[in-house]
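# Analysis of the macromolecular model
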Amino acid sequence: MADPAAPDALETPSGKGSRDENFPVGSWLLPARLRPHVAAYYAIARTTDDIADNPGLAPAEKLRRLDVFAAAVAGESAGGPVPASAARMRDSLAATGLGPRHVLDIIAAFRQDATRRRYASWDDLMGYCNLSAAPVGRYVLDLHGEDRATWAVSDPLCNALQVLNHLQDCRDDYRALDRVYLPEPWLAAAGTGVEALAAERSGPALRAVIDRMLDGVDALMARARLLPGAVKSRRLAMETAIIVRLADRLAALLRDGDPLARRVALSRRDFARAGLSGAIGGLLLRR
């Protein structure tokens, strides 16, 4: 087993956890034997994301720390101490026989976050999401032994969730990190710029761009809704059906709400309704 280093040497915890996410993380629906591995993946994703999002660290220092995590997971550490979450992930990969690709991809996305603040197009943003979000679904599918053909409908769901998260946090990302995921040409075409994100409320131009982003989410979700019926695992079908319903609900809330005026988020009732209808829907699909 790897020898973990003291976590305070590299980590900068934000205080966020799995309960702050828009989707269930390793819920009871998944097989008990797999939940510790999902938890290990989430832990290193959360840790490295917190490093990339820390406004007190210079970009070069963020990259240095992220490189340590990547090397540790890949088994390329030069004899130095291994961060605790990286050690746990490496042990998990050894136990499951999975390679480190899906971990290294998300760390590559956070390296991008450390140095990049603007996006030039929807395709440009999807390239980022293919590193920051799609690997999460791919990891869970591989962990369950699902056919990799399911990636074609898992990637759109994960990427849609990522864009929804960007819209939820667009005000804070701009104010705290000067980071904007809304494509700059879209803002310019609507007659505005990134400075619109500093306002207390969305103006008509920014609202048009937010709705255009949600149109892109709708297109992704049209494919994502096929995922629960594509997986072999009954439990995973139920889990993914819940996530699909949560994504649809959050997209609807963002259509009606203003993420500049307040953070638009799912309620406990939303989670409960999605949990019930998704679990039943996923179960019926597998039957």
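Anyway, here's the lowdown on the structure attached to this text.

Parameters at a glance
Residues numbered from 1 in each chain as written. Predicted model: local features only at pLDDT ≥ 70, side-chain atom pairs only at ≥ 80, totals over all residues. Heavy atoms only, no water. Helix = DSSP H or I, 4+ residues; strand = E, 2+ residues; numbered from the N terminus. Buried < 20%, exposed > 50% of the residue type's maximum accessible area, 1.4 Å probe, protein only. Contact = heavy atoms within 4.5 Å. Areas by Shrake-Rupley, 256 points an atom, 1.4 Å probe, with all protein chains shown as cover. Axes fitted to C-alpha atoms, helices over the stretch in contact; angles between N-to-C directions. Left-handed = near helix turned anticlockwise from the far one by under 90°. Nonpolar A, V, L, I, M, F, W, Y, C, P; charged D, E, K, R; others polar. Parallel < 35°, antiparallel > 145°, perpendicular 65-115°, else oblique. Phe/Tyr/Trp six-rings, centres within 6.5 Å; stacked < 30°, edge-to-face > 60°. Lys NZ or Arg CZ within 6 Å of the ring centre and 35° of its normal. Salt bridge = Lys/Arg side-chain N within 4 Å of Asp/Glu carboxyl O. Core = buried A, V, L, I, M, F, W, Y, C linked by side-chain atoms within 4.5 Å.

Secondary structure summary: the protein chain contains 13 helices and two strands in total. Within the span of the protein chain, comprising 287 residues, buried residues form 53% of the whole. Sequence-distant contacts in the protein chain: of pairs separated by 6 or more residues, those separated by 24 or more amount to 74%. When the accessible surface of the protein chain is totalled, it reaches about 12,900 Å², and 53% of it is carbon and sulfur.

Our next topic: unusual backbone geometry. Even without being a glycine, Asp-178 presents a positive backbone phi close to 55°. Within the secondary structure, Asp-178 is located in the loop between helix 8 (170–177) and helix 9 (184–189). By relative accessible area, which is 27% here, Asp-178 ends up partly exposed.

One can find Asp-105 in helix 4 (residues 101–115). With relative accessibility at 17%, the residue Asp-105 sits in the buried group. Setting aside anything within four residues of it in sequence, one finds Asp-105 in contact with Leu-131 and Pro-135.

This next bit is on the packing of helix 7 (residues 151–168) against helix 12 (residues 234–256). With their axes 10 Å apart at the nearest point, helix 7 and helix 12 run at an angle of 35° to one another. Between helix 7 and helix 12 lies a crossing whose hand is left-handed. Residue-level inspection shows Leu-157, Leu-161, Leu-164, Leu-167 and Gln-168 of helix 7 in contact with helix 12, the latter providing Ile-243, Val-244, Ala-247, Leu-250, Ala-251 and Leu-254. Grouping the amino acids of the contact of helix 7 with helix 12 by side-chain chemistry returns 10 nonpolar, one polar and no charged.

For the rest of this paragraph, the subject is the packing of helix 10 (residues 204–224) against helix 12. In the contact formed by helix 10 and helix 12, the axes pass within 10 Å of each other and the chain directions differ by 160°. Our classification of the angle between helix 10 and helix 12 gives roughly antiparallel. As helix 10 packs across helix 12, the resulting crossing turns out to be left-handed. In this structure, helix 10 contributes Arg-207, Asp-211, Leu-214, Asp-215, Val-217, Asp-218, Met-221 and Ala-224 to the contact, and helix 12 contributes Val-244, Ala-247, Asp-248, Ala-251, Leu-254 and Arg-255.

The final tally for this structure, using the stated rule, is five aromatic pairs. Members of the aromatic cluster, joined through ring pairs, are Tyr-119, Tyr-128 and Tyr-181. Seen from the ring of Tyr-119, Arg-116 lies directly overhead, with NZ or CZ sitting 4.4 Å from the centre. Over the ring of Trp-186 we find Arg-212; its NZ or CZ atom is 3.9 Å from the centre of that ring.

In this section: the environment of Pro-83. Among the structural elements, Pro-83 can be located in strand 2 (residues 82–83). Distance in space between the C-alpha atoms of Pro-83 and Ala-9 is 8.3 Å, their sequence separation being 74 residues.

This part covers the pattern of salt bridges. Applying the stated criterion to the full structure yields 22 salt bridges. Residues Asp-50 and Arg-46 are paired through a salt bridge, measuring 3.1 Å at the closest nitrogen-oxygen approach. Taken as a pair, Asp-50 and Arg-46 lie in helix 1 (residues 35–52) at a separation of four residues, close to a single helical turn. We classify Asp-50 as buried; its relative accessible area is 7%. With a shortest N-O distance of 2.7 Å, Glu-61 and Arg-65 are connected by a salt bridge. In this pair, Glu-61 and Arg-65 both sit in helix 2 (residues 59–74), four residues apart, roughly one turn of the helix. In this structure Glu-61 comes out as partly exposed when scored by relative accessible area, which is 22%. Connected through salt bridges with shared partners, the residues Arg-207, Asp-211, Asp-215, Asp-218 and Arg-255 form a single ionic network.

The subject of this paragraph is the nonpolar core. Leu-125, Leu-157, Val-163 and Leu-182 are the most contacted members of the largest nonpolar core, which has 82 residues in total. Here this core gets 12 residues from one element, more than from any other, and that element is helix 12.

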